[in-house]
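A structural walkthrough
Here is how the chains run, residue by residue.
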2 protein chains.
Amino acid sequence: MTATLGSGPACPMPIEATDRVQLGHGSGGKMSAALLRDRFLPHLRNPVLEQLGDAAVLPVNGGDIAVSTDTFVVSPVEFPGGNIGSLAVHGTLNDLAMAGARPVCLTVGFVLEEGLDLALLDRVLASMAAAAGAAGVPVVTGDTKVVERGKADRLYINTTGIGVLEPDFRPAPDRARTGDAILVSGPIGSHGIAIMAAREGIAFDAAIESDAATLLPLVDRLREAVGPAVHVLRDPTRGGLASALNEIADASAVGVVLEDNALRVHEPVASVCDLLGLDVMYVANEGVLVAFVEASAADRSLAALRSHPLGADAVLAGHAVAEHPGMVVLRTGLGGTRIVDMLPGDQLPRIC
Amino acid sequence: MTATLGSGPACPMPIEATDRVQLGHGSGGKMSAALLRDRFLPHLRNPVLEQLGDAAVLPVNGGDIAVSTDTFVVSPVEFPGGNIGSLAVHGTLNDLAMAGARPVCLTVGFVLEEGLDLALLDRVLASMAAAAGAAGVPVVTGDTKVVERGKADRLYINTTGIGVLEPDFRPAPDRARTGDAILVSGPIGSHGIAIMAAREGIAFDAAIESDAATLLPLVDRLREAVGPAVHVLRDPTRGGLASALNEIADASAVGVVLEDNALRVHEPVASVCDLLGLDVMYVANEGVLVAFVEASAADRSLAALRSHPLGADAVLAGHAVAEHPGMVVLRTGLGGTRIVDMLPGDQLPRIC
């Protein structure tokens, strides 16, 4: 992998140095975390919200359910490998999958800009229906609002998903343990770079497609193969693999050591990152999962992931360690190490 | 009541005469219904979605749950009687209440415009927390996206709610029966007119406040008083009382006869409607419910509503009849009648 260039471009403003919302507040990085900690939690605090996972877990009708919500504002709304409709389905189903839940339904909420081409809306709905249908999850209710021209950017979509949980499969961000093997299910960075290329109208020699896909089949295979040996599952979307690993390291109070030369990046994605000075570790993925599994289950877990086409390039990328709890360290091919911190703000805004 | 002036201003474009989204598609009127029927349902069709109630009902963990989603784009975001935060909580909890569900949790999804004043966000979150706290319903998970200046209008909020249902209390839009008494829990039109006045900066002699409030206590009292004698519950939001009654008449294949002189409208609201040529029957409410109950339970239902401050001005407003199924007729004080159809588009856009 050649596309790790320091910590990437930083947000020009210090965190909270302003009393206005900045793009970095939506980055999934430090500014997002600060907004959540300093603005949202003081008002809305409760034990379930404070789990701060991709999905909330709570009891309903005598069993546990997982609930996840996500609003999609990706620009452009159509890109190689999908559109905002398929992304909105995959994104929320993946959040449920990462909690170990089997999804039972989705809701959708649209904000449409006046003047939106109805043919585009049809394409978005068709992709949404195809993605939900492939996963076998119905859209059970929805809502549509229309705002004046210039008050949205074509369309925004919220999806909220509900899933059911079994007692013996409860991956969670705070359940990583020292010694856990860290698996990454595929090449990283494809979604973010595909969006950026589509937005900027950049043409590359090789096509770069978003990896957006449902991760449910990968989770099913892991569950069948090793069950409760899966401690943490996460899809590294906004903020990329670096931010996801930092959050897990922090929540579980473990250190993370990653092997740089184990990580896979599609060559065209790596080239673009090199060219533009982007660090692929911070670039969003929408069809990749990272799993922390018991060391004794690492080989079986890797084989389970590789048994599905989406996980064909899965790798053992590193380990959880007792040293430097809360910190992520990358061991480079030359034997050096560097700390992989969270970014304050955005490398690439509006990628989901 | 003096504010019923024909059918109000009509949308200038025929329905679907364009291949572009128009403001009227978000109105809750005929254009919204056409968008749902012609664009959304063909792609996303399934038995639960086709219930088309304010909330979807589906089985989870051996019992039934209700799920409702709503995105709020109200302008301005602060208005007399509330703000977009309290409205987003009340709106979704009310949709669950109208399905007869006891809410168990809410999710929130924010779209923030770059440059939004964080002090305003704090006020919105405080109102949201107060509304959720008063109803005893936790916000269990959330999501925040930020878009560039000029790509939203300060902030939009999606709320999705989950509630649980008992087998013996299942009000639904298709359960109205000939002979049912139609109760309206309070004066109509206050929310829409308060929003319009705040938006246009119109000052009136008397203050007009939004009626936005949780309807859960009113439903609890109805349930305790008459239980399954409650056939339909609906909060007439977008499109007002007229649209809600038309939808119920259509879904249940009954006629509706309303007594014009039974309906209550706050005097300042009626004056504004007169002044501006708005028909209060189509103006949004956020703290009013309409109930179809068995005739034999009408008196007890009315007493139950009136036992709570929010229902102090509840009235018996009309009846469901076998004649003219699917049609709503208003009997005026002078002995005449007029048909109350649905509007094609908006009287007042972006009121929720």
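Look above for the structure.
Residues numbered from 1 in each chain as written. Chains lettered and ligands numbered in written order. Predicted model: local features only at pLDDT ≥ 70, side-chain atom pairs only at ≥ 80, totals over all residues. Heavy atoms only, no water.

1. Regarding the packing of aromatic side chains
Any two aromatic rings considered together are summarised by their centre-to-centre distance and by the angle between their planes. Basically, it comes down to this: Between 30 and 60 degrees the pair is tilted, below 30 it is stacked and above 60 it is edge-to-face, where a pair is any two Phe, Tyr or Trp rings, Trp via its six-membered ring, whose centres lie within 6.5 Å. Here a strand is any run of E in DSSP of at least two residues, a helix any run of H or I of at least four, and the numbering for each starts at the N terminus. Accessible area is worked out with a 1.4 Å probe on protein chains only. A residue is then buried under 20% of its type maximum, exposed over 50%, and partly exposed in between. In this analysis the charged atom, NZ for Lys or CZ for Arg, is taken to sit over a ring once it is within 6 Å of the ring centre and within 35 degrees of the ring normal.
Throughout the structure, instances matching the rule amount to two aromatic pairs over all chains. When the centroid spacing of 4.9 Å and the interplanar angle of 75° are considered together, the rings of phenylalanine 40 of chain A and phenylalanine 110 of chain B count as edge-to-face. With one member in each of two chains, phenylalanine 40 of chain A in helix α1 (residues 30–44) and phenylalanine 110 of chain B in strand β5 (residues 102–113) form a pair that bridges those chains. Judged by its relative accessible area of 6%, phenylalanine 40 of chain A is buried. Above the face of the phenylalanine 72 of chain B ring, lysine 145 of chain A is positioned so that its terminal group lies 5.5 Å from the ring centre.

2. Points about the pattern of salt bridges
Let me state the cut-off plainly: One speaks of a salt bridge when a side-chain nitrogen belonging to Lys or Arg is within 4 Å of a carboxyl oxygen belonging to Asp or Glu.
Enumeration according to the criterion identifies 35 salt bridges over all chains in this entry. As a salt-bridge pair, arginine 39 of chain B and aspartate 122 of chain A come within 2.6 Å of each other at their nearest N and O atoms. In this pair, arginine 39 of chain B sits in helix α1 (residues 30–44) while aspartate 122 of chain A sits in helix α3 (residues 118–135), so the two residues belong to two different chains. With relative accessibility at 15%, the residue arginine 39 of chain B sits in the buried group. Among the salt bridges present, the one from lysine 30 of chain B reaches aspartate 341 of chain B, with a minimum N-O distance of 3.0 Å. Note that lysine 30 of chain B is positioned in helix α1 and aspartate 341 of chain B in the segment after β14 (337–339), a separation of 311 residues in sequence. A network of salt bridges, in which partner residues are shared, links Asp70 and Arg238 of chain A together with Asp143 and Lys145 of chain B.

3. Comments concerning the nonpolar core
Formally: Nonpolar core, defined: a set of buried Ala, Val, Leu, Ile, Met, Phe, Trp, Tyr and Cys residues in which side-chain atoms within 4.5 Å join the residues together. Contact between two residues is taken to exist if any of their heavy atoms lie within 4.5 Å; hydrogens are not considered.
Within the largest apolar cluster, 101 residues are counted, with the highest numbers of intra-cluster contacts made by Phe110, Leu121, Leu155, Met281, Leu289 and Phe292 of chain B. With nine residues, the top contributor of residues to this core is helix α3 (residues 118–135) of chain B. Sequence-distant contacts of phenylalanine 292 of chain B, defined by excluding residues within four places in its chain, comprise Ala176, Asp180, Ala181, Ile182, Ala229, Val230, His231, Val232, Leu245, Ile248, Val256 and Ala320 of chain B. Counting 100 residues, the second largest nonpolar core, distinct from the first, contains Leu118, Ala132 and Ile157 of chain A together with Leu41 of chain B.

4. Comments concerning helix α6 (residues 240–252) of chain A
Residue and element names in this part refer to chain A. Using the following cut-off: Here a helix's expected span is defined as the number of its residues, less one, multiplied by 1.5 Å.
The end-to-end C-alpha distance of α6 is 19 Å, a good match for the 18 Å that 13 residues give at a rise of 1.5 Å each. Among the 13 residues of α6, ten are classified as buried, and the element is accordingly described as predominantly covered. Of all the residues in α6, the buried ones are Gly240, Leu241, Ala242, Ser243, Ala244, Leu245, Asn246, Ile248, Ala249 and Ser252. The inward-facing, buried residues of α6 abut β8 (181–184), β9 (230–234), β10 (255–259), β11 (290–293) and β13 (328–331). Where α6 terminates, the next one or two residues include alanine 253, which has phi positive at roughly 55°.

5. Quick look at unusual backbone geometry
Following serine 75 of chain A, the chain continues into proline 76 of chain A via a peptide bond in cis, with omega recorded as 5°. Along the polypeptide, proline 76 of chain A turns up in the loop between β2 (63–72) and β3 (78–79). One non-glycine residue with positive phi stands out, namely alanine 253 of chain B, at about 55°. Relative to the helices and strands, alanine 253 of chain B is located in the loop between α6 (240–252) and β10 (255–259).

6. Examining the side chain of threonine 107 of chain A
Topologically, threonine 107 of chain A is positioned in strand β5 (residues 102–113). Setting aside residues no more than four positions away along its own chain, threonine 107 of chain A makes contact with Val140, Thr141, Asn158, Thr159 and Thr160 of chain A together with Val67, Thr69 and Thr160 of chain B.

7. A look at the relation of the copies chain A and chain B
Test applied: In this comparison the copies share one frame, found by least squares on the C-alpha atoms of residues holding pLDDT of at least 70 in both.
For these two chains of identical sequence, chain A goes onto chain B by a turn of 180° and a shift of 0.0 Å along the axis, with RMSD 0.0 Å. Each copy turns onto its partner about a two-fold axis. Ranked by how close their C-alpha atoms come to the rotation axis, the residues of chain A are headed by alanine 152 of chain A, at 2.3 Å. Both copies share a contact surface, since 100% of the interface residues of chain A are interface residues in chain B too.

8. Here's the deal with the sheet that holds β5 of chain B
All names here are of chain B. Going by this rule: Between any two strands, at least two bridges found by DSSP are needed for them to pair. Every axis in this analysis is a line fitted to C-alpha atoms, fitted for helices over the stretch in contact. Angles between the N-to-C directions lie between 0 and 180 degrees.
The sheet built from five strands is open, its strands ordered β1-β2-β7-β5-β6 with mixed pairing. Looking at the sheet topology across the chains shown, the edges are occupied by β1 (56–60) and β6 (139–147). In this sheet, adjacent strand axes meet at a mean angle of 20° when their direction is disregarded.

9. Digging into a nonpolar patch on the surface
All names here are of chain A. Stated formally: Each patch groups residues whose relative accessible area exceeds 30% and which form no salt bridge, using 9 Å between like charges and 5 Å between nonpolar side chains of Val, Leu, Ile, Met, Phe, Trp and Tyr. Surface exposure here means Shrake-Rupley accessible area, sampled with a 1.4 Å probe, where a residue is shielded only by the protein chains that are shown.
Taken together, Ile202, Leu275 and Leu276 make up a surface patch of nonpolar side chains, about 280 Å² in accessible area. Turning to its location among the elements, isoleucine 202 is positioned in the loop between α4 (190–200) and α5 (216–226). Residue classification places isoleucine 202 among the partly exposed positions, given a relative accessible area of 33%.

10. Digging into the packing of α4 of chain A against helix α7 (residues 267–276) of chain A
Residues and elements named next belong to chain A. The following threshold applies: Left-handed describes a crossing in which the near helix is turned anticlockwise from the far one by less than a right angle; the clockwise case is right-handed. In the scheme used here, Gly and all other residues not listed as nonpolar or charged are polar, with Ala, Val, Leu, Ile, Met, Phe, Trp, Tyr, Cys and Pro taken as nonpolar and Asp, Glu, Lys and Arg as charged.
The contact between α4 and α7 brings their axes to 10 Å, and the two run at 65°. Our pair here, α4 against α7, has a crossing hand that is left-handed. Here Ser190, Ile193 and Met196 of α4 come into contact with α7, specifically with Val269, Val272, Cys273 and Leu276. Looking at the contact of α4 with α7 residue by residue, the classes come out as six nonpolar, one polar and no charged.

11. What about the interface of chain A and chain B?
Across the boundary between the two partners, chain A contributes 74 residues, which contact 74 residues of chain B. Where chain A touches chain B, the interface holds eight salt bridges. Across the pair aspartate 143 of chain A and arginine 238 of chain B runs a salt bridge, and its minimum N-O distance is 3.0 Å. Mapped onto the side of chain A that touches chain B, the elements with two or more residues apiece are α1, β1 (56–60), β2, β5, α3, β6 (139–147) and β7 (155–164) of chain A. Along the lines of polarity and charge, the residues of the side of chain A that touches chain B split into 36 nonpolar, 20 polar and 18 charged.

12. Here's the deal with the environment of histidine 90 of chain B
Residues and elements named next belong to chain B. Considering the arrangement of structural elements, one finds histidine 90 in helix α2 (residues 84–98). Residue class for histidine 90 comes out buried when judged on its relative accessible area of 12%. Residues histidine 90 and lysine 30, 60 residues apart in the sequence, show an inter-C-alpha distance of 25 Å. Beyond its immediate chain neighbours, meaning those up to four positions away, histidine 90 contacts Ala131, Ala212, Ala213 and Thr214.

13. Notes on α7 of chain A
All names here are of chain A. Applied cut-off: The directions from the helix axis to the C-beta atoms form the arc being described.
For α7, the full list of buried residues reads Val269, Ala270, Val272 and Cys273. Angular distribution of buried residues about the axis of α7 spans 160°; they occupy a single face of the element. When the buried face of α7 is taken as reference, the exposed residues oriented beyond 90 degrees from it are Glu267 and Leu275. If you follow the buried residues of α7, they end up packed against α4.

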